Each structure stands twice: as C-alpha cells, then as structure tokens.
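Chain residues, written in single-letter form:
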Amino acid sequence: MTALISTVPAWAAYTIVGGLVGIESLGVPVPGETALITGSLLSTHPASRVSIAGVFLAAFAGAVIGDSLGYSLGRRMGPSLIDRLSRRFPQHLSQQHIAYARFLFSRYGIAAVFAGRFVALLRILSGPLAGSLAMSYPRFLIANAAGAASWAGLITLTVHLLGSAAHHWISSAGWVLLAATLVVGLLVSRHAARVFDDRARAYWDEAHHPQTAPGRPA
C-alpha cells in the first residue's frame, strides 16, 4: 500500500479533485465531495506526495471556476438550462428539487449560495440557478468563494487531522480509521441530501396540491 501511494503524482491528485469539484459545480452530478475527501485522506499518508494545502486549493479553485461557468451558462440560457439538466439527470435533479432550490435562491439570495455549498443538490445547481435568476455576479462570486473556502477547508482540515492522528497513534490500523472517516462523511452528506429531498417534496406537494380550504369538502 505504501509503495502504491508513493507513486501517485501530486498533480494528478489535484487535477482529479479540482476537475470533479468543478464539473459538479457546473451542474453535472459527479462525486466532487467524494474526490475531496479521498484526496484529503491521501494527503495524510507519510509516503504520499499530495499535500493538504494542494488538495484544498484544487477544490477551492474547481468550485469557484465551475460555479462561475455554471453561472455564465445560466445567465445566457436562462431556465432552459435548468430544464435540460433535469431531463438529462432526472434521478438527481427532479422537478421537485429544482422548484425548491429556485425558491431558496429567490428568497435567501447569496445566503443560499453560501449554504448551498454544503448540500449536494444545491451545490450542483448553485451556479446555473443563480445565473438564470440574474443574481448579481459580484455578490454571487463573493458568496460562492466564501462557501467554497469554508466547505473545502472544513473537509480537508477535519479529514487531515483525523488521518494524521490515526497514523501517529495507531499506524497499524490507520487506514481502517481513515476508511471509517470516509464512510461517516458520506453518511452525513447522504443525510443532508435526504433532508433536502424531503423538504423539496413537501414544497412541491404544497404548491401543486394545496389542502382544501376549511369548511369545504375534500
């Protein structure tokens, strides 16, 4: 394992992390967060050439560039871009998800851009949706960069500290703990996605199937 890890070029790891995060931010559902966690784990191994700072910078750059490109496409194509994404990836970006995300962005503006970086579906839709809603780009860029730095920084720092401690104190079982850290991170991400999904469905049902007014028959 050590020999294999030592052969992984740092530039390749940074390219994969930045590329996947960027593609995800552009509006395509790929495992950007998983790549970030994996890159952070890789940086904890003593034999690895990958640095935690490099992983962070790659993820941050990918997020900002990807969201900016997504914003530009959304601004030019408008709601049609969101509809195309929904048809292309119906399992990830349903009409319910998009309707609820549009409501959040319309109501909370740049706060939704910042917080959306921590929720998978909002992370995918952030750039295209903000552009289609004609949100001010300078305001979007500030919120996007702040969210990207917080998201990437929290994940890389947490994983790196836990991984380094594992190698220092229980090196023989270090990768077991690192794998457990990865699983926990993915479970937290899945839980956030389920919460968003439930709220999106509730919002959709309320908008399209309102309850009968009091005193009227169902």
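Residues numbered from 1 in each chain as written. Predicted model: local features only at pLDDT ≥ 70, side-chain atom pairs only at ≥ 80, totals over all residues. Heavy atoms only, no water.

**Some details on the packing of aromatic side chains**
Here the structure, examined in full by the defined rule, presents six aromatic pairs. The interplanar angle of 50° and the centroid separation of 5.1 Å between the aromatic rings of Tyr71 and Tyr137 together place this pair among those described as tilted. Placement of the pair is Tyr71 in helix α4 (residues 52-77) and Tyr137 in helix α9 (residues 137-169), with a sequence separation of 66 residues. Measuring from centroid to centroid gives 6.2 Å for Phe114 and Phe118, while their planes differ by 55°, and the two rings are tilted. Here a set of aromatic residues connected by ring pairs shows up, and it is made of Tyr71, Tyr137 and Phe140. (Phe/Tyr/Trp six-rings, centres within 6.5 Å; stacked < 30°, edge-to-face > 60°. Helix = DSSP H or I, 4+ residues; strand = E, 2+ residues; numbered from the N terminus.)

**Section: unusual backbone geometry**
One can expect most non-glycine residues to show negative phi and most peptide bonds to be in trans. Even without being glycine, Ala134 reaches a positive phi, approximately 60°. Looking at Ala134, the relative accessible area reads 45%, which means it is partly exposed. (Buried < 20%, exposed > 50% of the residue type's maximum accessible area, 1.4 Å probe, protein only.)

**A look at the confidence of the model for the protein chain**
Summarising the model, the protein chain shows a mean pLDDT of 82, and 83% of its residues fall at 70 or more. pLDDT under 50 marks residues 212-218. Its contacts with residues more than four places away, or in other chains, come to two contacts. (pLDDT = per-residue confidence, 0-100. Contact = heavy atoms within 4.5 Å.)

**Some thoughts on the side chain of Arg117**
Structurally, the position occupied by Arg117 is in the loop between α7 (110-116) and α8 (120-132). Residue Arg117 is classed as buried on the basis of its relative accessible area, which comes to 2%. Separated by 3.1 Å, the side chains of Arg117 and Ser25 make a polar contact. For Arg117, the contacting residues outside a window of four places in its chain are Val21, Ser25, Ala63, Asp67, Arg123, Asn144, Gly147, Ala148 and Trp151. (Polar contact = N/O pair within 3.5 Å; in protein donor to acceptor, adjacent residues only side chain to side chain.)

**Some thoughts on the pattern of salt bridges**
Summed over the entire model, instances satisfying the criterion amount to three salt bridges. In this structure, the salt-bridge partner of Arg123 is Glu33, at a minimum N-O distance of 3.7 Å. You can see Arg123 sitting in helix α8 and its partner Glu33 sitting in helix α3 (residues 32-43), a full 90 residues away along the chain. The buried category is assigned to Arg123, whose relative accessible area is 2%. Given the relative accessible area of 12%, Glu33 is considered buried. A salt bridge links Arg117 to Asp67, with the nearest nitrogen and oxygen atoms 2.6 Å apart. Highlighted residues: Arg117 in the loop between α7 and α8 and Asp67 in helix α4, separated in sequence by 50 residues. (Salt bridge = Lys/Arg side-chain N within 4 Å of Asp/Glu carboxyl O.)

**As for the side chain of Thr156**
Along the chain, Thr156 turns up in helix α9. The buried category is assigned to Thr156, whose relative accessible area is 4%. A polar atom in the side chain of Thr156 sits 2.7 Å from the backbone oxygen of Ala152. Leaving out residues up to four positions away in the same chain, Thr156 has contacts with Leu36, Ser40, Ile52, Val55 and Phe56.

**Brief notes about the nonpolar core**
The biggest cluster of nonpolar side chains holds 25 residues, and the ones touching the most others in it are Leu93, Phe105, Leu122 and Phe196. For this core, the elements supplying multiple residues, two or more each, are α5 (79-88), α6 (95-108), α7, α8, α9 and α10 (174-208). With six residues, α8 is the single largest residue contributor to this core. Excluding residues that lie within four positions of it along the chain, Phe105 makes contacts with Ala112, Val113, Leu122, Ser126, Leu129, Ala130, Leu133 and Met135. With 18 residues, the next largest nonpolar core counts Leu36, Leu42, Val55 and Ile155 among its residues. (Core = buried A, V, L, I, M, F, W, Y, C linked by side-chain atoms within 4.5 Å.)

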